[in-house]
Amino acid sequence: MSMMRVFVRNMATAAKINNVVVIGGGLMGSGIAQVAAATGHNVTLVEVNDQLVDKAIGSIKKSLERVAKKQFKDDSAKGNAFVEGTLKNLKGSTKIEDSVASSDLVIEAIVEKMNIKHELFGKIDAAAPASTIFASNTSSLSIGEIGSVTKREDRFGGLHFFNPVPMMRLLEVIRTEKTSEETYQQLMEFGKRMGKTCITCKDTPGFVVNRLLVPYMAEAVRLLERGDATARDIDTAMKLGAGYPMGPFELSDYVGLDTTNNIMHGWHEKFPENPLFKPPQMLQKLVSEGKLGVKSGEGFYSYKK
C-alpha cells in the first residue's frame, strides 16, 4: 500500500471524531472539554442547569489563562489568541438529547454510580446517531457493565483521563470484549490528537494506574494501623526511597479519602476473595468522621490554616 493511501486512510479515521460532547462539568469533565477544545475539536459541555454550565466554562477560561501565561509568557497576543480560539470551540448546554444528536463522540464524566450512568447512557443511546462512539471516564467501574444498557456495545469504550487533565499526559484507553477494532483505533487517534500518551488496558478493575495505586494506598494504611511506622515516615520513605512525588497518605488526602474508600468498597463487593480490596478500618473511620483529606481540611493530616 502506498504511503499516500495510508496517510489518506489515517486522516479519514482521525477526521471522524470532530464533534465531542462531554457530559458532566466537574473537575474531570471541564478538564477534558478544555483540552479537546484546545486541540481543535468542536466541544459541547453538558450540565444539569445554567449555573453549573457557567461555572464550568468560567473555570475553563481561568485554566486556559494559566496555560497561556506559561506557554506564551513572552507573547501575550499569542496567549490571548490561544484562549479565544479555544473558547470559540466550546459551548455549554443543558439539553442533553439535542447535544448528542450531531456528536461523533460522547464522553461521560459524571458521578461514579452505576445506576446513574445506566440511566444516562440509556437516555442518550436513542438520541445519538448510530455512528456515535460512547466513552466513560470512570476510574473504577466496569466499562462493559456501563455500556451494557446501550445498543452500541461495539462502539463503547473507556477513556480514563487523569487529574488535572490539562497537565497529566496519560490517557488509559479501555477496550471491552465487545469494543470493535475500528472504535478502539478511533479512540486512540482521538487521545493522540489531544496530545496524550495513550496506553491500552483490558476492562479490569482500576485499569492499570488505580489497580496498582489503590491497593498501595490501602497497604500504607494497614502499615500505619499496625503501628509499624508513622504516616509522615511512610510518606518520606516512599518519596525518598522510591522517588514518588507524593507519599501514600499525602496522595490519599489529595484524592479524597471518600473516593478511595468508595472504590475499595465497590471492588470488595465484586471480588470479596481478594484481600487487597478489603477497605482498611482506619480509612472507614476517618470517612465516617467527615475527615476526607484536603477538601474537608483534615484527613491523615490537618490542612486547617
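Residues numbered from 1 in each chain as written. Predicted model: local features only at pLDDT ≥ 70, side-chain atom pairs only at ≥ 80, totals over all residues. Heavy atoms only, no water.

> For unusual backbone geometry, give the residues involved together with the corresponding values.
Here the amide bond leading from Asn-163 into Pro-164 is cis, since omega sits at -5°, within 30 degrees of zero. Positive phi, close to 55°, is recorded for Phe-207, a residue that is not glycine. Counting through the fold element by element, Phe-207 comes out in the loop between strand E8 (197-202) and helix H9 (209-225). (Helix = DSSP H or I, 4+ residues; strand = E, 2+ residues; numbered from the N terminus.)

> Help me get a handle on the pattern of salt bridges, residues and values and all.
For side chains bearing opposite charge, pairing can occur when the charged atoms are close. Evaluation of the coordinates by the stated rule reveals 17 salt bridges. For the salt bridge of Arg-226 with Asp-228, the shortest nitrogen-to-oxygen distance reads 2.8 Å. Asp-228 gets classed as partly exposed once you look at its relative accessible area, which sits at 46%. Each of the salt bridges in this network shares a partner with another, and the network as a whole consists of Lys-285, Glu-289, Lys-291, Glu-298 and Lys-304. (Salt bridge = Lys/Arg side-chain N within 4 Å of Asp/Glu carboxyl O. Buried < 20%, exposed > 50% of the residue type's maximum accessible area, 1.4 Å probe, protein only.)

> Break down the side chain of Thr-183 for me, citing the residues and quoting the values.
Here Thr-183 lies in helix H8 (residues 181-193). Look at Thr-183 and you get buried, because its relative accessible area is 2%. Of the polar contacts made by the side chain of Thr-183, one reaches the backbone oxygen of Asp-154; its length is 2.9 Å. Beyond its immediate stretch of four places on either side in the chain, Thr-183 contacts Ile-133, Asp-154, Arg-155 and Phe-156. (Polar contact = N/O pair within 3.5 Å; in protein donor to acceptor, adjacent residues only side chain to side chain. Contact = heavy atoms within 4.5 Å.)

> Could you give an account of a nonpolar patch on the surface, naming the residues involved and the relevant values?
A contiguous nonpolar patch, built from Met-246, Tyr-254, Val-255 and Val-294 and spanning about 320 Å² of accessible area, is present on the exposed surface. Here Met-246 is to be found in the loop between helix H10 (231-242) and helix H11 (248-255). (Patch = residues over 30% accessible without salt bridge, like charges linked within 9 Å, V, L, I, M, F, W, Y side chains within 5 Å. Areas by Shrake-Rupley, 256 points an atom, 1.4 Å probe, with all protein chains shown as cover.)

> Residues and numbers for H8, please.
Helix length check: H8 (13 residues) gives 18 Å between terminal C-alpha atoms against 18 Å at 1.5 Å per residue, within 8%. When we look at burial in H8, the residues that qualify are Thr-183, Tyr-184, Gln-186, Leu-187, Met-188, Phe-190 and Gly-191. (Expected span 1.5 Å × (residues − 1).)

> Account for H10, with residues named and values stated.
Quick reminder: α-helices carry 3.6 residues per turn. Residues three or four places apart thus point the same way. With 12 residues, H10 ought to run about 16 Å at 1.5 Å a step, and its terminal C-alpha atoms sit 16 Å apart, in line with that. Turning to H10, its buried residues number three or more, namely Ala-231, Ile-234 and Asp-235. Relative to the axis of H10, the buried residues are bounded by an arc of 100° and lie together on one face. Exposed and oriented more than 90 degrees from the buried face of H10 are Leu-240 and Gly-241. In this structure, the buried side of H10 is in contact with H9 and H11. (Arc of directions from axis to C-beta.)

> Before we move on, can you summarise the packing of helix H2 (residues 27-38) against helix H3 (residues 50-71) with the specific residues and values?
At a minimum axis distance of 10 Å, the contact between H2 and H3 shows a crossing angle of 55°. By the angle between their axes, H2 is oblique relative to H3. H2 and H3 meet at a crossing whose hand is right-handed. Contacts from Ser-30, Ala-33 and Gln-34 of H2 reach H3 at Ala-56, Ser-59, Ile-60, Ser-63, Leu-64 and Val-67. Considering only residue class, the contact of H2 with H3 consists of five nonpolar, four polar and no charged. (Axes fitted to C-alpha atoms, helices over the stretch in contact; angles between N-to-C directions. Parallel < 35°, antiparallel > 145°, perpendicular 65-115°, else oblique. Left-handed = near helix turned anticlockwise from the far one by under 90°. Nonpolar A, V, L, I, M, F, W, Y, C, P; charged D, E, K, R; others polar.)

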